[in-house]
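# Residue-level structure breakdown
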Amino acid sequence: MSQSNNDILLAISTPPFWHCGRTIRQNSLHTLLALAPAAALSLIQWGVPAARVMALSMVAAIVTEAVCQILMKQKLSQDNGTAAVTGLALAFLLPASAPWWLTLIAAVCAMGVGRMAFGGYGANQVNAALVGWALVFVSFPIPMDPNAAVLHTSLADPLFRAKFFGGAAAADFPLADLLLGRQLGGLGATQTGALFLGGLYLALRGVIRWEIPCAFLAGTFLVASAFHLADPELYAGPLFHIFSGSTVFAAFFLATEDSCCPHRRLPMTLYGLTGGALVMLIRVFGVYADGAPFAVMLINLLAPMFALIRSHPFGTGPRKAKRTSDNEGRARS
Amino acid sequence: MKQYFQLIKDPRFRLVQNDHRPFIDGPAPRRVRLNREGFAMVPGVKKKTLVSPGTLLAEHPSPDKGDLHSPIYGVITEINARSVFVDAMDPAEAEPGAFPPLPEPADLLRQGLEGEELVSAVKKLGVNTRSLGRRAKTLIVNALNPEPGVRWAEPMLVEHADEIRACLELQRRFRRADEILLAVPTGCSVRFSGIRAVEVEPVYPNSVNELLIKEVTGEEAPPDVAAVGLHNVWSLGRVALTGLPLTETVITIGTASNWANFVVKNGSLVGELLEFLHISLQNGDTILRGGPLRGESLDRLDRSITKGAYGFFVVNAGEVPPIEGDSACVNCGACIVACPTRIDPRMLSRYAEFGKYNMSRKENFRLCVDCGLCGYVCIARRPVLQYIRLAVKRLEEEERLAGLTPLEPVGKA
């Protein structure tokens with residue numbers, strides 16, 4: 001036995017030699033798994049057109065990443081699955097009726113401008129899928145508007161109704177319908193119930209940090225409640241706002257993109273709360289019916305500011321800072 | 001529910017396993033390799049010299065580093081800049097009187113030496129007193145397992161209580177610390193008379209000295225408090241009980257599926273240990289000395305268990321995701337969340353990666369306690385801890401050089 005030991009080639013490595021086992025690829029696979037129920041429900045609801053948009057978006061994202069990496073002389077990294085996740089997240093925001101060229105432009109811009117221009121996965125400051133979405137949303141408003149573009153459907157856009165017919169119109173949409181995705185909007189982002197479960201799975205797995213979605217939804221809930229209490233006729237209730245449009249999708253899947261959010265607890269909470277509040281402010285005062293994607297882009301840009309909030313490193317705080325540490329403890333508990 | 005949301009949910013990070021296994025004596029070595037870096041060889045000790053267990057081989061110039069003794073009967077086969085090799089010989093086969101006489105046991109407890117005299121007596125018996133004899137108001141004996149995977153601390157508190165008691169007595173006689181505390185894992189009922197015990201939650205990284213001090217005192221980096229590991233305490237206790245020079249060390253040997261605690265001779269070759277345990281390796285396996293989070297990987301099987309080593313582990317190929325070249329940081333922030341000292345390993349590792357060591361100063365690189373959690377959680381498999389160590393090393397070197405006075409050219413008119 002020792003003879004064989006003498007012939008073997010040992011691997012030299014650096015500490016730590018144990019690892020949590022979590023890798024970029026695993027995180028991507030978990031994210032795809034979490035998105036799967038929403039994708040399945042979306043396929044049941046929209047059929048082949050949805051499948052077409054999702055497949056095209058994912059393929060275009062992967063190919064764009066590969067082409068950019070070849071041009072930038074980087075190692076190809078399609079096997080880590082991050083491009084597929086971005087492609088799918090982008091497809092979830094597009095209407096099922098999106099024509100092929102629209103999907104293609106969105107996906108190419110998401111990967112090219114949104115991610116690779118910054119250097120690759122993890123270097124972008126704003127969620128890549130949102131960059132692609134925002135570009136086509138602003139440039140081609142008609143094909144991007146589900147109310148105008150999706151014709152063969154009896155579903156209505158709850159946010160559109162709430163914005164232009166007042167909060168009372170929200171009563172047309174029972175919560176169960178919203179949760180099961182019986183609403184008009186992005187093809188996958190409106191499957192709020194399935195996305196909520198998927199997001200919960202990711203948080204339990206530790207792939208995303210629970211503070212961000214919690215704070216995001218809390219922010220939406222608080223501001224929506226404030227408006228609703230001020231004038232129930234004009235403004236819909238908090239649960240309506242959370243489960244309509246892409247709020248849940250933004251909270252669990254968009255705002256949590258690791259490179260675009262702060263990582264300490266208090267900054268994450270503030271980041272989420274700001275995002276949730278912005279969703280409501282854009283929905284109420286903005287020109288767009290659904291404010292969630294834009295809210296996420298705005299807080300992505302604010303993330304470095306939030307990240308400046310940090311406690312004193314170990315043992316360097318001022319000696320009298322008894323109260324600071326108390327506050328910290330409270331923020332953590 | 002709590003553990004589901006946590007980044008680190010590895011049960012191995014719990015430092016108490018409630019699985020008591022007796023200490024096993026290691027194999028009688030056929031060959032030992034002793035580290036002699038920094039030591040000065042004793043005159044007369046050279047190649048082909050016969051040595052007995054306890055024969056003094058080399059002395060360390062520092063007053064708090066223990067001297068080097070031979071652990072076995074044997075013959076010195078090689079002395080190079082870093083190591084001394086001793087091949088084992090059977091004393092019965094050699095002619096009588098060929099081997100130097102065994103050293104006389106020195107009963108430190110009875111002799112009644114105190115203070116500096118005792119420190120120098122202990123040094124002569126091969127025990128490092130740098131941390132044991134730390135001058136501090138409070139000295140905390142860290143009775144937690146130093147790292148996940150290392151498991152001798154728990155049984156040692158029970159089985160080797162005599163050693164620990166003897167060491168605590170000697171430590172008191174050093175007269176360097178005003179108070180000595182014993183930090184034990186929560187729920188552990190072991191107590192020593194005259195020593196106040198403090199219970200500490202036995203979860204890594206609480207066993208890292210800096211963090212242990214925080215757990216015990218409730219204060220981060222309080223002045224005048226120091227900690228010393230149980231491994232070192234055991235060494236001194238062993239010497240106090242036997243009166244002979246220190247030639248053994250306690251280690252946990254662990255693989256993915258099994259583990260055991262051993263008392264092995266200093267300088268035992270890892271190849272012989274693996275053979276003794278019938279552990280066969282595969283290509284691509286990693287063997288490491290020290291703990292799984294802070295240790296060092298060995299390149300060859302004729303490396304040895306050095307005096308301070310507290311573990312020896314085998315990590316099989318494929319057990320952890322491989323490190324693939326120089327992967328870039330993806331800003332996931334896991335290291336920031338995991339870091340117990342609240343510094344930013346993400347930026348520190350990047351500064352070191354691109355050679356911007358000066359930037360590390362802003363990020364409090366000195367506060368790193370070397371726990372290794374940043375690398376443990378890194379999803380990009382970057383050697384984060386190694387990057388930080390590199391920066392620390394570089395900056396210390398830079399500061400050392402800056403402290404030197406440049407030589408003036410001589411004889412320049």
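Conventions adopted
Residues numbered from 1 in each chain as written. Chains lettered and ligands numbered in written order. Predicted model: local features only at pLDDT ≥ 70, side-chain atom pairs only at ≥ 80, totals over all residues. Heavy atoms only, no water. Helix = DSSP H or I, 4+ residues; strand = E, 2+ residues; numbered from the N terminus. Rg over C-alpha atoms; globule rule 2.2 N^0.38 Å. Buried < 20%, exposed > 50% of the residue type's maximum accessible area, 1.4 Å probe, protein only. Contact = heavy atoms within 4.5 Å. Areas by Shrake-Rupley, 256 points an atom, 1.4 Å probe, with all protein chains shown as cover. Lys, Arg positive; Asp, Glu negative; His and termini not counted. Charge placed at Lys NZ, Arg CZ, Asp CG, Glu CD. Pairing = 2+ DSSP bridges. Buried area = accessible area lost by both parts, 1.4 Å probe. Salt bridge = Lys/Arg side-chain N within 4 Å of Asp/Glu carboxyl O. Polar contact = N/O pair within 3.5 Å; in protein donor to acceptor, adjacent residues only side chain to side chain. Nonpolar A, V, L, I, M, F, W, Y, C, P; charged D, E, K, R; others polar. Core = buried A, V, L, I, M, F, W, Y, C linked by side-chain atoms within 4.5 Å. Axes fitted to C-alpha atoms, helices over the stretch in contact; angles between N-to-C directions. Left-handed = near helix turned anticlockwise from the far one by under 90°. Expected span 1.5 Å × (residues − 1). Bend = angle between axes of the 7 residues up to and from the residue. Parallel < 35°, antiparallel > 145°, perpendicular 65-115°, else oblique.

What follows is about the overall build of chain A. Tallying secondary structure elements over chain A gives 17 helices and 0 strands in all. Taken over C-alpha atoms, the radius of gyration comes to 22 Å for chain A, in line with the 20 Å a tight globule of 333 residues would show. For chain A, the spread of C-alpha atoms along the principal axes amounts to about 80 × 55 × 35 Å. Counting every position in chain A, which comprises 333 residues, the buried fraction comes to 54%. Look at the contacts in chain A between residues 6 or more apart in sequence, and 76% of them connect residues 24 or more apart. Counting every atom, chain A has about 14100 Å² of accessible surface; 69% of that belongs to carbon and sulfur. Of note, chain A has its 21 positive side-chain charges centred 11 Å away from the centre of its 15 negative side-chain charges.

Turning our attention to the sheet that holds strand β5 (residues 56-59) of chain B. Sheet strands associate in pairs through backbone hydrogen bonding, adopting either a parallel or an antiparallel arrangement. Residue and element names in this part refer to chain B. If you trace the 3 strands from one edge of the open sheet to the other, you get β3-β5-β6, paired in antiparallel fashion. Edge positions in the sheet fall to β3 (40-41) and β6 (68-69), since each has one partner strand and no second. When β3 meets β5, the two strands line up antiparallel, connected through 2 bridges. Bridge pairing in β5 places M41 opposite A58.

Bringing the interface of chain B and chain A into the picture now. Counting residues at the interface gives 73 residues for chain B, matched by 47 residues for chain A. Across the chain B/chain A interface, buried area totals approximately 5100 Å², and carbon plus sulfur atoms make up 60% of it. With its nearest N and O atoms 3.5 Å apart, the salt bridge here joins A:R310 to B:E363. For the pair chain B and chain A, the interface holds 20 residue pairs in polar contact (both at pLDDT 80 or more). Breaking the side of chain B that touches chain A down by element, the ones donating at least two residues are α1 (2-5), α6 (209-217), α8 (270-276), β15 (286-289), β16 (296-298), α9 (334-338), α11 (373-377) and α12 (384-403) of chain B. Considered class by class, the residues forming the side of chain B that touches chain A number 36 nonpolar, 18 polar and 19 charged.

Turning to the environment of B:Q17, a few remarks are in order. All names here are of chain B. Assignment of secondary structure puts Q17 in the loop between α1 and β1 (24-25). Here Q17 falls in the partly exposed class, since its relative accessible area comes to 28%. Placed 139 residues apart in sequence, Q17 and M156 show a C-alpha to C-alpha distance of 13 Å. Residues within four places of Q17 in sequence aside, it is in contact with P11, R12, R151 and E154.

The biggest cluster of nonpolar side chains holds 97 residues, and the ones touching the most others in it are B:I140, B:W152, B:L157, B:F192 and B:L230. If you tally residues by element for this core, the top one is helix α5 (residues 161-174) of chain B, at 7 residues. Among residues more than four places away in sequence, those in contact with B:L157 are B:A143, B:I164, B:V184, B:P185, B:C188, B:V190, B:F192 and B:L230. Ranked by size, the runner-up nonpolar core spans 75 residues in total, among them A:L88, A:A107, A:V136 and A:A170.

Before going further, it helps to spend a moment on the pairing of strand β12 (residues 225-229) of chain B. The two faces of the sheet receive side chains in turn, since in a regular strand these alternate between them. All names here are of chain B. The buried fraction of β12 is high, at 4 of 5 residues. Note that strand β9 (residues 136-142) and β12 share 5 bridges and pair parallel. For I140, the partnering residue across the bridge sits in β12 and is A227.

In this section: unusual backbone geometry. Cis geometry is adopted by the peptide bond preceding A:P16, which originates at A:P15 and carries an omega value of -5°. One can find A:P16 in the loop between α1 (2-7) and α2 (24-46). With a phi angle near 65°, B:D224 is a residue other than glycine that sits in the positive phi range. Within the fold, B:D224 resides in the loop between α6 and β12. A relative accessible area of 44% means that B:D224 is categorised as partly exposed. Positive phi values are uncommon outside glycine, yet B:N331 reaches one of about 60°. Relative to the helices and strands, B:N331 resides in the loop between β17 (311-315) and α9. The exposure class assigned to B:N331 is buried, which follows from its relative accessible area of 10%.

Time to look at the packing of helix α3 (residues 48-71) of chain A against helix α5 (residues 100-115) of chain A. The relative placement of two packed helices is expressed as an angle between their axes plus a distance between the axes. All names here are of chain A. In contact at an axis separation of 8 Å, α3 and α5 are set at 35° when each is read in the N-to-C sense. Once α3 is placed against α5, the crossing between them reads as right-handed. Across the interface between the two elements, R52, V53, L56, S57, A60, A61, T64, E65 and C68 of α3 pack against W100, T103, L104, A107, V108, M111, G112 and R115 of α5. Among the residues forming the contact of α3 with α5, the class breakdown is 10 nonpolar, 4 polar and 3 charged.

What follows is about α5(A). For an α-helix, 3.6 residues make a turn, and residues three or four places apart therefore share a direction. Residues and elements named next belong to chain A. Its 16 residues give α5 an end-to-end C-alpha distance of 21 Å, which sits within 8% of 22 Å, the value for a rise of 1.5 Å per residue. C109 marks where α5 bends most, by close to 30°. Summarising the contacts, the buried residues of α5 are in contact with α3, α4 (82-93), α6 (128-139) and α7 (141-144).

Let's shift gears to α6(B). By the burial criterion, the buried members of α6(B) are B:L211, B:L212, B:I213 and B:V216. Elements in contact with the buried residues of α6(B): β9, β10 (177-185), β11 (196-200) and β12 of chain B.

Turning to the sheet that holds strand β13 (residues 248-254) of chain B, a few remarks are in order. All names here are of chain B. Here 6 strands make up an open sheet; going across it, the order is β1-β14-β13-β17-β15-β16 and the pairing mixed. Of all strands in the sheet, those bounded by a partner on one side alone are β1 and β16. As paired strands, β1 and strand β14 (residues 259-265) are joined by 2 bridges and run parallel to one another. By the bridge assignment, D25 is partnered in β14 with V263.

Before going further, it helps to examine the packing of α4(A) against α6(A). All names here are of chain A. Two numbers describe how α4 lies on α6: the axes approach to 8 Å, and their chain directions differ by 40°. In this view, α4 runs oblique relative to α6, as classed from their interaxial angle. Between α4 and α6 the crossing geometry is right-handed. Contacts between α4 and α6 pair T86, A89, L90 and L93 from the former with A128, A129, L130, G132 and W133 from the latter. Taken together, the residues of the contact of α4 with α6 break down into 7 nonpolar, 2 polar and no charged.

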